[in-house]
Amino acid sequence: MPTFIVLLGPPGAGKGTQAQIVSQKLGLPHISSGDIFREHLKNQTELGKLAKGFMERGELVLDDVTISMIRERLSRPDCASGALLDGFPRTPAQADALAAMLAEFNGRVNAVPYIKVAEQVLVERLTGRWTCKAQGHVYHERHNPPKVAGICDLDGSELYQRDDDKAETVLNRIQVYFAQTMPLIEYYQKAGLLLEVDGTQSIEKVSSDLLSGLAKISKSIA
Ligand code: AP5
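The present account deals with the structure reproduced in this document. (Residues numbered from 1 in each chain as written. Predicted model: local features only at pLDDT ≥ 70, side-chain atom pairs only at ≥ 80, totals over all residues. Heavy atoms only, no water.)

**Focus: the sheet that holds strand β6 (residues 138-140)**
Stated formally: Strand pairing is assigned whenever DSSP identifies at least 2 bridges connecting the two strands. The helix count covers DSSP runs of H or I at least four residues long, the strand count covers runs of E at least two residues long, and both are numbered beginning at the N terminus.
Spatially, three strands are ordered β6-β5-β7 in an open sheet, and the strand pairing comes out antiparallel. Only two strands of the sheet have a single neighbouring strand rather than two, namely β6 and β7 (159-160). Where strand β5 (residues 129-132) and β7 come together, two bridges link them in antiparallel fashion. Note that in β7 the partner of Cys132 across the bridge is Leu159.

Printed below as a string of structure tokens:
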């Protein structure tokens, strides 16, 4: 049976940072809806053109568009034994669609780690974030700086600041999260799948809490 893990948390909670570590540890592909949208934006595809305005305003892209993009990604062979989802689902409609599509793939959501971070920490994290152009590796100018400023430690590519990490857009993304994504916490809590982790600890401690929590949920996951 495949293993599907959904990482929940507000913008800047550390989902991408943790997904890179945990996906390697568990041998699951890291599927980031934000990264897929940014790839479409870079390649100026029709989907990228459609998503651009929503992303620039810090709003969610339409559910049906996002759901079919993720369905296509999850149907690829590398997801046959499961995936670690980062940034999807983000609305109850997306969560229902995910459950339905995983049932088609003979799977289900096995665990939902929720990385909890207070609102006031998020703005500082996002406005200080630097991302690698080649593969999306994430740094922070104070909390997790690269060895050489502006250069990715892992692949040597240039680091850049995301357009939606401007303070004004960040505030809107956080509001959108509270209005549209927070209901998923209760949704997955009711399903008995939520695993709350304190995201204000060091990156290493968050990873170890995540991995030990997942191991407790199922010995077959970690
Ligand atoms: P997306 O790319 O998913 O952005 P997000 O959810 O807002 O999350 P972020 O990537 O900003 O934060 P993160 O939690 O991954 O934090 P990170 O690890 O980088 O989405 C972008 C846009 O795409 C959306 O606004 C929307 O328009 C669209 N979209 C995407 N999915 C969609 C969907 N399902 N439906 C509709 N639209 C969708 O860490 C942040 C910073 O903090 C980094 O600098 C990092 O180094 C630092 N940091 C991390 N952990 C720690 C720690 N423990 N201590 C100190 N610093 C830390």
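The discussion continues.
**Quick word on the layout of surface pockets**
In plain terms, the rule: Whether a set of points on the 1 Å grid over the protein atoms alone is a cavity depends on a 1.4 Å probe fitting there but being unable to get out, while an open set qualifies as a pocket with protein on both sides within 12 Å along at least five of seven lines; lining residues are those with an atom within 4 Å of a point. Grid points are joined across faces, edges and corners, and a volume is the space filled by probe spheres set on the points. For this classification, the nonpolar set comprises Ala, Val, Leu, Ile, Met, Phe, Trp, Tyr, Cys and Pro, the charged set comprises Asp, Glu, Lys and Arg, and every other residue, Gly included, is treated as polar.
Reported here for the largest pocket is a volume of approximately 1300 Å³. Lining the largest pocket are 44 residues; nearest its centre among them are Asp35, Thr131, Cys132, Gln135 and Gly136. Counting residues per element, the ones that place at least two in the lining of the largest pocket are α1 (15-26), β2 (30-32), α2 (33-42), α3 (46-57), β5, β6 and α9 (203-217). If you tally residues by element for the lining of the largest pocket, the top one is α2, at six residues. Looking at the lining of the largest pocket, its residues break down into 15 nonpolar, 15 polar and 14 charged.

**Description of unusual backbone geometry**
How we decide: Remark: exposure states derive from per-residue accessible area (1.4 Å probe, protein chains only) relative to the maximum for the residue type, with buried under 20%, exposed over 50%, and partly exposed in between.
With an omega dihedral of 0°, the bond running from Phe88 to Pro89 counts as a cis peptide bond. Tracing the sequence through the fold places Pro89 in the loop between β3 (82-86) and α5 (92-104). Despite not being glycine, Gln44 shows a phi value in the positive range, around 50°. Position of Gln44 among the secondary structure elements: in the loop between α2 and α3. Using a relative accessible area of 59% as the deciding quantity, one classes Gln44 as exposed. For Asn106, which is not glycine, the phi dihedral falls at a positive 60°.

**What about the pattern of salt bridges?**
The test is simple: A side-chain nitrogen of Lys or Arg and a carboxyl oxygen of Asp or Glu constitute a salt bridge if their distance falls within 4 Å.
Within the structure shown, the criterion is met by 17 salt bridges. Here Glu72 makes a salt bridge to Arg76, at a shortest N to O gap of 3.0 Å. Accessibility expressed as a relative area gives 39% for Arg76, which makes it partly exposed. In this structure, Arg162 engages Asp164 in a salt bridge whose closest nitrogen and oxygen atoms are separated by 3.0 Å. Accessibility classification places Arg162 together with Asp164 in one group, the buried group.

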